[in-house]
Amino acid sequence: MMVLPVLRLGLSCRCQTAGRTLQQIQRTPLRQWLLRRGQTTEGGHASVRMASIPNAASDRVLGRWLVGCSGLVLGAVVLGGVTRLTESGLSMVDWHLVKEMKPPRTEAEWEDEFSKYKQFPEFKIMNHDMTLREFKFIFYMEWGHRMWGRLVGLAYILPTVYFWKRGYFSRSMKPRVLGLCGFVVFQGLLGWYMVKSGLEEKTESYDIPRVSQYRLAAHLGSALLLYCSSLWMGLTLMLPANKIPDSRNLLQLRRFAKVTGGLVFLTALSGAFVAGLDAGLVYNSFPKMGERWIPDDLLAFSPAIKNVFENPTTVQFDHRILGIGSLTAITGLYLFSRRVHLPRRAKIAIGCLTAMAYTQVVLGISTLLLYVPTSLAATHQSGSVALLTFAIWVLAELRKVVK
C-alpha cells in the first residue's frame, strides 16, 4: 500500500528537478543569445536549428563560399585583361542588365549590332575595314566578360540571402557581407562608366579611341579591393589562427608584411595605367629605357604631376620602379622571416610569395622585350593577381590571435 505514495513523491521530485533545469537553461548564454536573435522556446524545448548558430562548421562553409567568390572575381580580372588586350571592350555599345544576356543569333540581329558599332569612333578610326566575322569575335569577348560579371554578382547576392535567413552570419559579419554585395553592384556600374569613355567623340584629339586610363584604373582597383576583401575574410574563417608567441621580431614582420602587401597592390594598380595608355610599347628594352636609365621625355607634360598619369613614358617608368621595389621588399620579407620562429604554413606562404615575385618579374621583362604579345601579357596580368593572392595569404597566416 506504500508503493503508490512513494511513486507519487518520486514523480513530484522529478518534475521539480525538471522545472529547475529548464529555468537554468533559460538563463544560459545560449538562451540569451537566442532571445537576442528573436528565437523562442516552445514546450520547454528550444525550437532552434543548430545550423543557425554561428560556429566553427558554419565559419568553414562561409570561408569556402567567400574564397570561391574571390576565385570568380579573379576570373573576371583575367578575362577583363584579355578583353583589353584584344581591344574588344568597346564592341558592345549598349548596356542592359537583362536584355544583353542574349547575344545576337540571326544574321539580321548581327548586322543590326554591327551597324550600331559602326557609329562609334573605334570603327571609324581603327576598324573601318573590319568584317562581320571579326566583329563577332570581339563582341563575344566583351559579352563573355559582362556575363561573367553577372555570374559574380549572383555568386555573392544569392548565397548571402540564404545564409542570412539561416542565421550563419554573426552581428559583425553582416555589415561586411552587405558591403561586399554593394561593392559588386558598384563594380558593374563602374565598368559601364569606363566603357562610355571610349565611345565618346573626341574632336580635339586624333589619338586612337580608348577608355579613360583613370576609369580603367578605378575599375581594376575596385575589382582588386573586392578580391582582397573576399579572400581575406574567407581565409580568416577557414584557417585557424596560428598561435605564434609575440615578440619584437614578429611585430616587425607583421608590419613589414603589411607594407609589402600594399606595395604589391599599388604595383598591380599601376598596371592599369600601363594598359590604358599602351605604355608597354614605348620603350621595349631592359634594364635601360632606350639608351638611358632615365629617358628624356619623362617630364614632357605640363604640369609635372600630369606625367604620372598621362605620359606613357612616365607610366612605364613608374611601373618598373614599383615592380623592382615590390621584388626587393618581398626578398627582404623572406630573409627577415628566417629570423622568426614561424609555423610551417606561414613559411610556405612566404616561400610561395617570394617564388611568385621572381616569376612575375621575369614575365614582365619578357612581355616588354617581345613587344607585348597577347598571351604573355595576359599571363603577366594574371601573375599580378597571383602575387597579390600570396600576399593576402601571408597576412592571414601572420594575423594576431584574438584573445
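Owing to the predicted nature of the structure, the values given are computational and were not obtained by experimental measurement.

**Some remarks on the nonpolar core**
The biggest cluster of nonpolar side chains holds 72 residues, and the ones touching the most others in it are Trp65, Tyr156 and Leu342. Listing elements by their share of this core, those giving two or more residues are helix H3 (56-85), helix H6 (132-166), helix H7 (173-199), helix H8 (213-238), helix H9 (248-276), helix H11 (312-337), helix H12 (344-369) and helix H13 (374-397). Among the elements that make up this core, the one with the highest residue count is H9 (eleven residues). Look past the residues within four positions of Tyr156 in its chain and what remains in contact with it is Trp65, Cys69, Ser70, Val73, Leu180, Cys181, Val184, Leu226 and Ser230. Formed by ten residues, the second largest nonpolar core is a distinct cluster that contains Trp110, Phe123, Leu132 and Phe135.

**Describing the packing of aromatic side chains**
Considering all chains together, one arrives at 22 aromatic pairs under this definition. For the ring pair Trp65 and Phe169, a centre distance of 6.3 Å and an interplane angle of 40° mean the geometry is tilted. Linking Trp65 in helix H3 with Phe169 in the loop between H6 and H7, this pair joins segments that are 104 residues apart in sequence. Here Trp65 and Phe169 have matching classes, each one buried. For the pair Phe135 and Phe139, a centre-to-centre distance of 5.8 Å together with 50° between the ring planes defines the contact as tilted. Highlighted residues: Phe135 and Phe139, both in helix H6, separated by four residues, approximately one helical turn. Given the relative accessible area of 0%, Phe135 is considered buried. Pairwise contacts between aromatic rings join Trp110, Phe114, Tyr117, Phe123, Phe135, Phe139, Tyr140 and Trp143 into one cluster. One cation-aromatic arrangement involves Lys118 over Phe114; the distance from NZ or CZ to the ring centre is 4.5 Å.

**Re H8**
Along its 26 residues, H8 runs 37 Å from first to last C-alpha, staying within 8% of the 38 Å computed at 1.5 Å per residue. Where H8 starts, the residue carrying a side-chain oxygen 3.2 Å from the main-chain nitrogen of Tyr214 turns out to be Ser212.

**Examining the environment of Ala355**
By secondary structure assignment, the location of Ala355 is in helix H12. Here the alpha-carbon distance between Ala355 and Leu387, two residues 32 residues apart in the chain, equals 9.3 Å.

**Brief notes about the pattern of salt bridges**
Tallied over the entire structure, the rule returns eight salt bridges. The shortest N-O distance in the salt bridge between Asp246 and Arg254 comes to 3.8 Å. Under the relative-accessibility criterion, Asp246 is labelled exposed at 57%. Accessibility expressed as a relative area gives 8% for Arg254, which makes it buried.

**Description of a nonpolar patch on the surface**
Together, Trp95, Leu97, Val98, Met101, Ile157, Val161, Val185 and Leu189 make up a nonpolar patch on the protein surface, roughly 700 Å² of accessible area in all. For the nonpolar patch, the secondary-structure elements that each account for two or more residues are H6 and H7. With respect to the helices and strands, Met101 occurs in the loop between H3 and helix H4 (107-117). The exposure class of Met101 is partly exposed, given its relative accessible area of 40%.

**Describing the packing of H3 against H6**
Contact pair H3 / H6: the axes reach a minimum separation of 9 Å and the direction vectors enclose 165°. Judged by the inter-axis angle, H3 sits roughly antiparallel to H6. Crossing of H3 over H6 shows left-handed handedness. Along the lines of polarity and charge, the residues of the contact of H3 with H6 split into 17 nonpolar, seven polar and one charged.

**Observations concerning unusual backbone geometry**
Peptide bonds are trans in most cases, and residues, glycine excluded, mostly fall at negative phi. The omega torsion of the bond from Phe286 to Pro287 falls at 10°, within 30 degrees of zero and hence cis. We note that Asp278 has phi near 50°; this positive angle belongs to a residue other than glycine. With respect to the helices and strands, Asp278 occurs in the loop between H9 and helix H10 (306-310). Positive phi outside glycine occurs at Tyr371, with the angle close to 60°.

**Looking at the UniProt feature "transmembrane region" (unreviewed entry) in the protein**
The positions that UniProt labels "transmembrane region" (unreviewed entry) are, in the present scheme, residues 65-85, 147-165, 177-195, 215-239, 259-283, 319-336, 348-372 and 378-396. End-to-end, the C-alpha atoms of residues 319-336 are 25 Å apart, and along that stretch the chain is 100% helix and 0% strand.

**Brief notes about H4**
The complete set of buried residues in H4 reads Trp110, Glu113, Phe114 and Tyr117. All buried residues of H4 project into a common sector of 100° when viewed along the axis, lining one side.

Reading the values: rules and limits
Residues numbered from 1 in each chain as written. Predicted model: local features only at pLDDT ≥ 70, side-chain atom pairs only at ≥ 80, totals over all residues. Heavy atoms only, no water. Core = buried A, V, L, I, M, F, W, Y, C linked by side-chain atoms within 4.5 Å. Buried < 20%, exposed > 50% of the residue type's maximum accessible area, 1.4 Å probe, protein only. Helix = DSSP H or I, 4+ residues; strand = E, 2+ residues; numbered from the N terminus. Contact = heavy atoms within 4.5 Å. Phe/Tyr/Trp six-rings, centres within 6.5 Å; stacked < 30°, edge-to-face > 60°. Lys NZ or Arg CZ within 6 Å of the ring centre and 35° of its normal. Expected span 1.5 Å × (residues − 1). Polar contact = N/O pair within 3.5 Å; in protein donor to acceptor, adjacent residues only side chain to side chain. Salt bridge = Lys/Arg side-chain N within 4 Å of Asp/Glu carboxyl O. Patch = residues over 30% accessible without salt bridge, like charges linked within 9 Å, V, L, I, M, F, W, Y side chains within 5 Å. Areas by Shrake-Rupley, 256 points an atom, 1.4 Å probe, with all protein chains shown as cover. Axes fitted to C-alpha atoms, helices over the stretch in contact; angles between N-to-C directions. Parallel < 35°, antiparallel > 145°, perpendicular 65-115°, else oblique. Left-handed = near helix turned anticlockwise from the far one by under 90°. Nonpolar A, V, L, I, M, F, W, Y, C, P; charged D, E, K, R; others polar. UniProt positions renumbered as here; feature names shortened; annotations may be inferred. Arc of directions from axis to C-beta.

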